[in-house]
Amino acid sequence: MAKNPKHRDLFPGALEIMILQSLRLRPMHGYALVKHIRQVSENLLQVEEGSLYPALQRMLKEGWLESETGTSAKGRPTRIYRLTEAGIRHLEGEVSSFEKMFDGITRVLAVAKA
């Protein structure tokens, strides 16, 4: 995430969840992932290459992703990332965990407002 006073760091695993969910839609190269996350979040989330590519490498190592050489829209060679079955299972578990955490935070905030 960008180091900007208006932007906060993501919780651990958030970037991975967003990458996996984005790749669930379709295979993409790194820059397309950055663009997709920025567009879908309406510019609220800015993923930096320094965070993205290490995360992609970790997920390849874990077997959640696979990659192949492809060609970008500008005709340049690039790596195209694709979600694996193991990645889908991991994503589903992480989303479930996130939803429980978010529910708990929402409850605490609701009590604090009362």
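Because the structure is predicted, anything quoted here is derived from the model rather than measured. (Residues numbered from 1 in each chain as written. Predicted model: local features only at pLDDT ≥ 70, side-chain atom pairs only at ≥ 80, totals over all residues. Heavy atoms only, no water.)

Chemist: Just checking my understanding: could you explain the overall build of the chain for this structure?
Modeler: Across its full length, the chain holds four helices and three strands. Ordering the α and β elements of the chain from the N terminus gives α-β-α-α-β-β-α. Looking at the chain as a whole, 32% of its 114 residues are labelled buried. Nonlocal contacts in the chain, meaning residues at least 24 apart in sequence, comprise 49% of its contacts between residues at least 6 apart. Looking at the chain as shown, the accessible area adds up to about 7,900 Å², and 54% of this sits on carbon and sulfur atoms. (Helix = DSSP H or I, 4+ residues; strand = E, 2+ residues; numbered from the N terminus. Buried < 20%, exposed > 50% of the residue type's maximum accessible area, 1.4 Å probe, protein only. Contact = heavy atoms within 4.5 Å. Areas by Shrake-Rupley, 256 points an atom, 1.4 Å probe, with all protein chains shown as cover.)

Chemist: Whenever I open this one, the sheet that holds strand S2 (residues 65-71) confuses me. Can you help?
Modeler: Note on sheets: strands pair through backbone hydrogen bonds, and any given pair is parallel or antiparallel. Reading across from one edge, S1-S3-S2 is the order of the three strands in this open sheet, with antiparallel pairing throughout. Whereas interior strands pair on both sides, the edge strands pair on one side only; in this sheet they are strand S1 (28-29) and S2. (Pairing = 2+ DSSP bridges.)

Chemist: For this particular structure, what's the right way to read the layout of surface pockets?
Modeler: Where empty space is left can be seen by rolling a probe of water-molecule size over the atoms. Approximately 200 Å³ is the volume found for the second largest pocket. At five residues, helix H2 (residues 30-40) tops the list of elements feeding residues into the lining of the second largest pocket. Partitioning the lining of the second largest pocket into residue classes produces three nonpolar, four polar and four charged. (1 Å grid on protein atoms, 1.4 Å probe; cavity = no way out; pocket = protein on both sides within 12 Å on 5 of 7 lines; lining within 4 Å. Points joined across faces, edges and corners; volume = space filled by probe spheres on them. Nonpolar A, V, L, I, M, F, W, Y, C, P; charged D, E, K, R; others polar.)

Chemist: So what exactly am I meant to see when it comes to the packing of helix H1 (residues 14-25) against H2 here?
Modeler: Axes are the key here: two packed helices are described by the angle between their axes and the distance separating the axes. Viewed as axis vectors pointing N to C, H1 and H2 meet at an angle of 100 degrees, and their least axial separation amounts to 10 Å. As judged from the angle between their axes, H1 and H2 are roughly perpendicular. Residue-level contacts link Met 18, Ile 19, Ser 22, Leu 23 and Leu 25 of H1 to Leu 33, His 36 and Ile 37 of H2. When grouped by side-chain class, the residues that make up the contact of H1 with H2 number six nonpolar, two polar and no charged. (Axes fitted to C-alpha atoms, helices over the stretch in contact; angles between N-to-C directions. Parallel < 35°, antiparallel > 145°, perpendicular 65-115°, else oblique.)

Chemist: Which parts of the structure should I look at to understand the environment of Val 95?
Modeler: Structurally, the position occupied by Val 95 is in helix H4 (residues 85-113). For Val 95 and Ala 14, which are 81 residues apart along the polypeptide, the C-alpha to C-alpha distance reads 9.6 Å.

Chemist: Looking at this structure, I do not really get the pairing of strand S3 (residues 77-83). What am I missing?
Modeler: Residues in a regular strand point their side chains to alternate faces of the sheet. As judged from the two bridges shared by S1 and S3, these two strands associate in the antiparallel manner. Bridge pairing in S3 places Met 28 opposite Tyr 81. By the bridge criterion, seven bridges tie S2 to S3 in an arrangement that is antiparallel. Bridge pairing links Glu 66 to Arg 82 in S3. In sequence, S2 turns back onto S3 through a hairpin of five residues, with Gly 75 there showing a positive phi of about 80 degrees.

Chemist: Help me understand the side chain of His 36 in this model?
Modeler: Inspection of the secondary structure assignment puts His 36 in helix H2. Note on His 36: relative accessible area 14%, which makes it buried. A polar contact is formed between the side chain of His 36 and the side chain of Ser 22, at a distance of 3.5 Å. Contacts of His 36, omitting those with residues within four sequence positions, involve Ser 22, Leu 25 and Met 28. (Polar contact = N/O pair within 3.5 Å; in protein donor to acceptor, adjacent residues only side chain to side chain.)

Purely spatial values, then, with no claim about function.
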